[in-house]
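Remarks on the overall topology
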Amino acid sequence: MIYGILDIEMTCDGKQENGKFIDDGRMKRSQREIISVGFVVCDDKYNIKNRYSSFVKPVSTTSITDYCKNLTGITQNDINHGKKCNNAFRDIRDMCEKYSIDYIFTFGNSDKDGIIISAKWIRKKKEKAGNLYFISEKIIDVRPAILKGINCKNYRRSPSLSKIAEMLQIKMKGRHHNALNDAVLLYKICKELNVQVV
């Protein structure tokens, strides 16, 4: 069996205090759009088969906030030259078809929700969004399996992906809130805990 592991970054806004990023609600979730996607393909023994990343050009909120730039490292130039969202997801769909991927792992539901929200923005602009819906239907939230694997019983107060990596002594390469880096980190955690679809 072959799995996909997905992470997205979206437009966002908030404040930065004492080196911490605080999403203070000034940009509602319904206003956000995908600006970056990272995807890892691996088999059920966790051998990597392929990787993919792309910047994505948003259609509604076309200017990136300073908060978002500082959090993700993504620049205005990156998104100005990014792919159309449906085209980036077509690339992922092509990989799903090439490798016969039925399941795409995400950590939590925010990636799936973000894909659906972005698809709505794209459709409002009379553009195609079918590839986003195709990918969203393959998503499985592996957060419960990971929390069980680290013996965390309180789902609501569960640690972040980076904290779980620290607990498992998994080192992250590169910057956090980079879609491909975060997808690779999720891959490493799933590999360590041997997360499987049953």
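Placed above this text is the structure.
Residues numbered from 1 in each chain as written. Predicted model: local features only at pLDDT ≥ 70, side-chain atom pairs only at ≥ 80, totals over all residues. Heavy atoms only, no water.

**Observations concerning the overall build of the chain**
Looking only at helices and strands, the chain has eight helices and eight strands in total. The globule rule puts the C-alpha radius of gyration for 198 residues at 16 Å, and the 16 Å found for the chain is close to it. In the chain, which comprises 198 residues, the proportion classed as buried is 47%. For the chain, the exposed area adds up to about 10700 Å²; of that, 45% sits on carbon and sulfur atoms. Averaged over its 35 positive side-chain charges, the chain has a centre that lies 1 Å from the centre of its 23 negative ones. (Helix = DSSP H or I, 4+ residues; strand = E, 2+ residues; numbered from the N terminus. Rg over C-alpha atoms; globule rule 2.2 N^0.38 Å. Buried < 20%, exposed > 50% of the residue type's maximum accessible area, 1.4 Å probe, protein only. Areas by Shrake-Rupley, 256 points an atom, 1.4 Å probe, with all protein chains shown as cover. Lys, Arg positive; Asp, Glu negative; His and termini not counted. Charge placed at Lys NZ, Arg CZ, Asp CG, Glu CD.)

**Observations regarding the nonpolar core**
Among the nonpolar cores identified, the biggest contains 28 residues, and L6, I34, V37, F39, F89, I92 and I115 are the most heavily contacted of them. Contributions of two or more residues to this core are made by β1 (2-10), β4 (34-43), β5 (48-57), α3 (85-99), α4 (110-124) and α5 (130-136). The element that contributes the greatest number of residues to this core is α3, accounting for seven residues. The next biggest cluster of nonpolar side chains, apart from the first, holds 24 residues, and it includes I5, C42, F107 and Y187. (Core = buried A, V, L, I, M, F, W, Y, C linked by side-chain atoms within 4.5 Å.)

**Some thoughts on the pairing of β4**
For β4, a buried count of ten out of ten residues is recorded, marking the element as mostly surrounded by other parts of the structure. Alignment of β1 against β4, held across nine bridges, turns out to be antiparallel. When the sheet's bridge partners are listed, G4 is paired in β4 with V41. In terms of strand pairing, β4 meets β5 through seven bridges, oriented antiparallel. Of the residues in β5, the one forming a bridge with V37 is S54. Between the antiparallel neighbours β4 and β5 lie four residues, among them Y46 with a positive phi of about 70°. (Pairing = 2+ DSSP bridges.)

**So, α3**
Compared with the 21 Å implied by 1.5 Å per residue over 15 residues, the 21 Å span of α3 between its first and last C-alpha is a close match. Within the span of α3, buried status applies to C85, N86, A88, F89, D91, I92, M95, C96 and Y99. (Expected span 1.5 Å × (residues − 1).)

**Overview of the sheet that holds strand β6 (residues 83-84)**
Read from one edge to the other, the open sheet built from six strands follows the order β6-β5-β4-β1-β7-β8, with strand pairing classed as mixed. Edge strands, defined here as strands with exactly one partner in the open sheet, are β6 and β8 (139-141). Pairing analysis gives three bridges linking strand β7 (residues 103-106) to β8, with the strands arranged parallel. Across the sheet, F105 pairs through a bridge with I140, a residue of β8. Along the sheet, α4 contacts β1, β4, β7 and β8; its crossing angle with β1, the most-contacted strand, is approximately 65°. Set on the sheet, helix α8 (residues 179-193) makes contact with β1, β4, β5 and β7; between it and β4 the angle comes to about 30°. (Contact = heavy atoms within 4.5 Å. Axes fitted to C-alpha atoms, helices over the stretch in contact; angles between N-to-C directions.)

**Overview of the packing of aromatic side chains**
The final tally for this structure, using the stated rule, is three aromatic pairs. With centroids separated by 6.3 Å and ring planes inclined at 50°, the aromatic side chains of Y3 and Y46 adopt a geometry described as tilted. Of the two residues, Y3 sits in strand β1 while Y46 sits in the loop between β4 and β5, which places them 43 residues apart along the sequence. Given the relative accessible area of 1%, Y3 is considered buried. In this structure Y46 comes out as buried when scored by relative accessible area, which is 2%. Aromatic pair Y3 and F105: ring centres 4.5 Å apart, planes at 35°, arrangement tilted. Taken together, the positions of Y3 in strand β1 and F105 in strand β7 put the pair 102 residues apart, joining distant regions of the chain. The same class applies to Y3 and to F105, which are both buried. Members of the aromatic cluster, connected to one another through ring pairs, are Y3, Y46, F105 and Y187. (Phe/Tyr/Trp six-rings, centres within 6.5 Å; stacked < 30°, edge-to-face > 60°.)

Read these as layout, nothing more, since geometry by itself doesn't imply function.
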